[in-house]
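Spelled out, the chains give:
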Amino acid sequence: MLTGKQRSYLKGLANGIEPIFQVGKNGITENFIKQVDESLEARELIKIKVLNNSLLDAKEVALELAESTKAEFVQSIGNKFILYRESKDNKKIQLPL
């Protein structure tokens, strides 16, 4: 579970990154979950955009994806959200204590 300080730190890091995935009208598929899972392992921190045509709420999508990839939901702003998961083999981000 992330502390407030860690969440703030991750939000700061996420400011500089672009969304690498988009959730469209197909919603969340098994394949999409697999891609997000692999990206979290490679990058630890990812930003995802929910397209207007998807009719899904960004926070709901974020929480569902976080649960299915065992990631932490960091933040959602408008139609974008941020997920974090510590990498097993590729640890880059040192969280503050």
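See the structure shown above.
Criteria and thresholds
- Residues numbered from 1 in each chain as written.
- Predicted model: local features only at pLDDT ≥ 70, side-chain atom pairs only at ≥ 80, totals over all residues.
- Heavy atoms only, no water.
- Helix = DSSP H or I, 4+ residues; strand = E, 2+ residues; numbered from the N terminus.
- Expected span 1.5 Å × (residues − 1).
- Buried < 20%, exposed > 50% of the residue type's maximum accessible area, 1.4 Å probe, protein only.
- Pairing = 2+ DSSP bridges.
- Arc of directions from axis to C-beta.
- Contact = heavy atoms within 4.5 Å.

Undergrad: Tell me about helix H2 (residues 30-43), and name the residues and values.
TA: Counted at 1.5 Å a residue, the expected span for H2 with its 14 residues is 20 Å, and the 20 Å between its end C-alpha atoms agrees. What H2 keeps buried is the set Phe-32, Ile-33, Val-36, Ser-39, Leu-40 and Glu-41. The first or second residue beyond H2 is Glu-44, which carries a positive phi of 75°.

Undergrad: Go over the pairing of strand S4 (residues 80-84), please, and point to the residues and values.
TA: Counting buried positions over the five residues of S4 gives four, a clear majority of the element. Sheet analysis places strand S3 (residues 72-77) next to S4, joined by five bridges and oriented antiparallel. When the bridges of S4 are listed, Gln-75 appears paired with Ile-82.

Undergrad: Report on helix H3 (residues 58-69), specifying residues and quantitative values.
TA: Compared with an ideal rise of 1.5 Å per residue, which puts twelve residues at 16 Å, H3 spans 16 Å between its outermost C-alpha atoms and is within 8% of the ideal. Here H3 has its buried residues at Ala-58, Val-61, Ala-62, Leu-65, Ala-66 and Thr-69. Each buried residue of H3 sits inside an arc of 130° when the element is viewed along its axis, so together they form one side. Exposed residues on H3 whose side chains face more than 90 degrees from its buried face are Glu-60 and Glu-67. At its buried positions, H3 is contacted by strand S1 (21-23), H2, strand S2 (45-50), S3 and S4. Phi for Lys-70, located one or two positions after H3, is positive at around 55°.

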